[in-house]
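Read off the chains here:
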Amino acid sequence: MPQLAIETHGLTKRFGAQLAVDGLDLAVPAGTVFGFLGPNGSGKTTTIRMLLGLASSTDGEIRMLEEAMPSAIESVLPRVGALVEGPAFYPFLSGRANLLRLDAADRRSPLGTRRARVDAALERVGLTAAARKRAHAYSLGMKQRLGLANALLAPRDLLILDEPTNGLDPQGTREVRAIIRSVADEGATVFVSSHLLSEIEQLCSHVAVMSRGRLVAQGTLQELRAQSIRRLVVLSPDPDAARRVLAGLGLAPSVRVCPDGGAELTAELPDPTMLAENATRALVEAGVRVRGIAVAGETLEERFVALTGEGFDVAG
Amino acid sequence: MLLASELGTLFRRVRTIAMLGALALVPILIAVAVKVTTAGDSGRGPAFLDQITQNGLFVAFTALVVSIPLFLPMTVGVVAGDTIAGEASHGTLRYLLVAPSGRLRLLAVKYAGAAAFCLAATSVVVVSGVIVGALLFPVRDVTLLSGDTIGPGDFAIRCVLLAGYVVLSLLGLSAIGLFISTLTSVPVGAMAATIVLSAVSQILDNLPQLEAIQPYLFSHLWLGFGDLLRQPISWDSYGQNALLQLGYVTVFGGAAVWRFLTKDVLS
């Protein structure tokens with residue numbers, strides 16, 4: 001059993017009559033880049049607020065970095081860098097002054113290295129040139145970077161990043177990804193929430209999928225791909241005969257007639273050991289003319305849509 | 001250190017500087033107005049006003065008395081109402097807590113910041129008053145309410161004691177503002193509510209029908225500093241006011257702690 005950086009059991013949050021988070025059992029292995037995926041409003045940010053002790057849970061347990069939260073908040077959070085629901089700063093202070101203040105808020109952060117650490121964090125996100133500008137004058141992308149710099153003020157064992165690439169242009173998105181990877185390479189666990197599948201696919205090795213407050217899937221990306229349903233697709237001008245043959249193999253094909261007179265038969269392959277070539281031989285032996293035959297795996301996107309029952313905004 | 005950061009942030013802010021600047025203008029306006037209309041129809045205007053022409057030291061004193069009912073509570077209401085709600089509206093509250101600042105520590109630092117503003121605001125009025133009074137009017141020995149006469153140096157000490165009394169008076173209001181500030185993420189609402197409460201308290205204090213509750217109003221002893229102008233100084237009102245303000249700090253500070261420690265920070 002690998003060490004877990006974040007572990008929740010039956011984590012629940014109720015706002016009045018509404019269950020925002022319902023019995024969440026998260027298991028984030030240490031050292032991974034873990035994607036927390038779900039449509040807007042599925043409970044991701046509420047979960048992150050509970051993890052960080054900003055909101056109390058109605059029920060359930062949280063362990064972070066091997067300690068119980070929120071009771072060990074004072075010893076856990078200095079090891080955690082966070083970006084929660086967008087960056088936020090004092091508009092009348094410079095970017096640098098903002099970071100100095102947030103660093104001062106942590107009683108354990110050493111005063112002696114404060115300026116050096118703030119400058120290093122600014123450098124890391126490429127904000128050195130704008131460090132003395134007021135945050136008020138920052139673009140959304142610059143604020144996002146400043147938020148990331150705040151999460152990187154000290155060496156962290158865990159980064160919790162809520163939609164870290166929101167509002168960034170493609171270049172900025174690439175830079176943020178590079179920063180996240182470099183943090184992960186240093187051995188930290190990174191927990192990234194997103195409603196963008198493409199984001200998670202590019203960054204993460206593990207993923208959890210939220211839908212309407214519930215966890216509907218959790219595991220490595222490979223495991224999720226493997227769970228996806230495979231389909232046999234047969235193109236044939238003899239749909240009736242083809243369907244009889246496939247039905248004889250225990251499949252239940254749906255038929256779509258194409259405009260050119262042929263038909264496309266699609267059947268789920270319930271048994272992964274059943275190979276497409278068996279179907280090919282059966283079709284040929286029955287004298288069914290075949291134009292094309294293929295096994296189509298569900299894309300990850302289709303899998304997530306199937307899991308959450310909602311569409312994703314996949315425009316990365 | 002979070003307190004140093006808080007004070008730095010508070011006193012470098014343009015709004016804070018503007019409020020302190022406005023308070024500094026109060027004695028200046030009084031002194032100039034008195035100087036210009038020095039024809040001397042004594043008997044009109046607030047107490048002490050006609051004494052200014054004879055002794056510049058009364059400028060600071062008069063300015064403080066004039067500022068107590070409205071200007072000081074207004075600026076203190078702005079700062080105290082902004083403490084938590086302002087951070088919530090900027091979204092910085094969640095980042096301070098995640099840092100982690102500790103909720104109790106943050107609340108204590110915020111209250112200390114508001115108290116520091118009470119001190120700064122009162123000091124600005126006194127210092128500005130002493131300077132402008134000395135520039136525009138003669139400085140002489142002062143005759144106290146008890147009939148004794150003290151020198152300018154002794155009177156300066158009385159002014160410091162008086163400023164301390166005023167700061168003390170504002171601590172209860174600051175605690176009320178802090179509590180209201182934990183209830184909302186709209187700072188303007190918390191500021192307005194705090195300022196309105198200070199007005200309501202003073203109005204209730206003037207309704208004879210409410211005599212029974214008046215000793216418990218936080219503004220009841222705001223103007224009760226006459227004892228500091230007697231020889232020897234009587235500390236009774238100082239003590240009573242301290243007790244009254246301590247009560248408000250305990251009740252509303254406690255309410256703020258209870259509210260803030262259990263609050264879901266969703267802004």
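Procedures and definitions
Residues numbered from 1 in each chain as written. Chains lettered and ligands numbered in written order. Predicted model: local features only at pLDDT ≥ 70, side-chain atom pairs only at ≥ 80, totals over all residues. Heavy atoms only, no water. Helix = DSSP H or I, 4+ residues; strand = E, 2+ residues; numbered from the N terminus. Rg over C-alpha atoms; globule rule 2.2 N^0.38 Å. Buried < 20%, exposed > 50% of the residue type's maximum accessible area, 1.4 Å probe, protein only. Contact = heavy atoms within 4.5 Å. Areas by Shrake-Rupley, 256 points an atom, 1.4 Å probe, with all protein chains shown as cover. Lys, Arg positive; Asp, Glu negative; His and termini not counted. Charge placed at Lys NZ, Arg CZ, Asp CG, Glu CD. Domains from an automatic or database assignment. Pairing = 2+ DSSP bridges. Axes fitted to C-alpha atoms, helices over the stretch in contact; angles between N-to-C directions. Patch = residues over 30% accessible without salt bridge, like charges linked within 9 Å, V, L, I, M, F, W, Y side chains within 5 Å. Salt bridge = Lys/Arg side-chain N within 4 Å of Asp/Glu carboxyl O. Parallel < 35°, antiparallel > 145°, perpendicular 65-115°, else oblique. Left-handed = near helix turned anticlockwise from the far one by under 90°. Nonpolar A, V, L, I, M, F, W, Y, C, P; charged D, E, K, R; others polar. Buried area = accessible area lost by both parts, 1.4 Å probe.

Visitor: What should I look at first to understand the overall build of chain A in this one?
Guide: Along its length, chain A carries 11 helices and 15 strands. Taken over C-alpha atoms, the radius of gyration comes to 25 Å for chain A, far larger than the 20 Å a tight globule of 316 residues would show. With the principal axes as the frame, chain A shows a C-alpha extent of 85 × 40 × 35 Å. Burial status across chain A gives 53% buried among its 316 residues. Sequence-distant contacts, at least 24 apart, represent 68% of the contacts inside chain A between residues at least 6 apart. Accessible surface for chain A amounts to roughly 14200 Å². Of this, 51% is attributable to carbon and sulfur atoms. Considering chain A, the positive charge centre built from 35 side chains and the negative charge centre built from 36 side chains are found 7 Å apart.

Visitor: What's the story with the domain arrangement of chain A in this structure? I'm lost.
Guide: Buried accessible area, meaning the area lost when the parts come together, often serves as the stated size of an interface. Partitioning chain A into structural domains gives domain 1 (4–223) and domain 2 (229–297). Distance from the C-alpha centre of domain 1 of chain A to the C-alpha centre of domain 2 of chain A: 47 Å.

Visitor: Can you help me understand the sheet that holds strand β9 (residues 189–194) of chain A in this one?
Guide: By way of backbone hydrogen bonds, the strands of a sheet pair with one another, either parallel or antiparallel. Residue and element names in this part refer to chain A. Strand order in this open sheet of 6 strands is β7-β8-β9-β4-β10-β11, and the pairing throughout is mixed. Strand pairing shows two members of the sheet lacking a second neighbour, β7 (80–83) and β11 (214–220), which therefore form its edges. For this sheet, the mean angle separating the axes of adjacent strands, direction not counted, is 10°. In the packing of helix α11 (residues 300–308) onto the sheet, the strands contacted are β4 (33–37), β10 (206–211) and β11, and the crossing angle to β10 comes to about 40°.

Visitor: Got a minute to help me understand a nonpolar patch on the surface in this structure?
Guide: Residues and elements named next belong to chain B. Together, L25, I28, L29, V32 and V36 give the surface a local cluster of nonpolar side chains, amounting to about 450 Å² of exposed area. Inspection of the secondary structure assignment puts V32 in helix α2 (residues 14–36). Under the relative-accessibility criterion, V32 is labelled partly exposed at 38%.

Visitor: Looking at this model, I keep getting lost on the side chain of Q202 of chain B. Mind explaining?
Guide: Within the secondary structure, Q202 of chain B sits in helix α8 (residues 187–204). In this structure Q202 of chain B touches P69, S219 and W222 of chain B, once residues within four positions along its chain are discounted.

Visitor: Looking at this model, I keep getting lost on the packing of helix α1 (residues 2–12) of chain B against helix α6 (residues 103–136) of chain B. Mind explaining?
Guide: All names here are of chain B. The N-to-C vectors of α1 and α6 enclose an angle of 45°; their axes lie 9 Å apart at closest approach. Classified by the angle their axes make, α1 and α6 are oblique. Judged by the sense of rotation from one axis to the other, the crossing of α1 with α6 is right-handed. Residues L2, L3, E6, L7, L10 and F11 of α1 lie in contact with α6, whose contacting residues are R105, L106, V109, K110, A112, G113, A116, F117 and A120. Taken together, the residues of the contact of α1 with α6 sort by class into 11 nonpolar, 1 polar and 3 charged.

Visitor: What exactly am I supposed to notice about the interface of chain A and chain B here?
Guide: Every contact between the two is made by 32 residues of chain A and, on the other side, 27 residues of chain B. Buried area between chain A and chain B, both sides added, is near 2600 Å², and the carbon and sulfur share of it is 57%. On inspection of chain A and its partner chain B, the count reaches 3 salt bridges. Ionic pairing is found between R101 of chain A and E87 of chain B, a salt bridge with its closest N-O pair at 3.1 Å. Put simply, the parts of the chain that give the side of chain A that touches chain B at least two residues each are β1 (4–15), α2 (73–76), β7 and α3 (95–104) of chain A. Sort the elements by how many residues they give to the side of chain A that touches chain B and α3 of chain A lands first, with 3 residues. Classifying every residue of the side of chain A that touches chain B by side-chain character gives 20 nonpolar, 4 polar and 8 charged.

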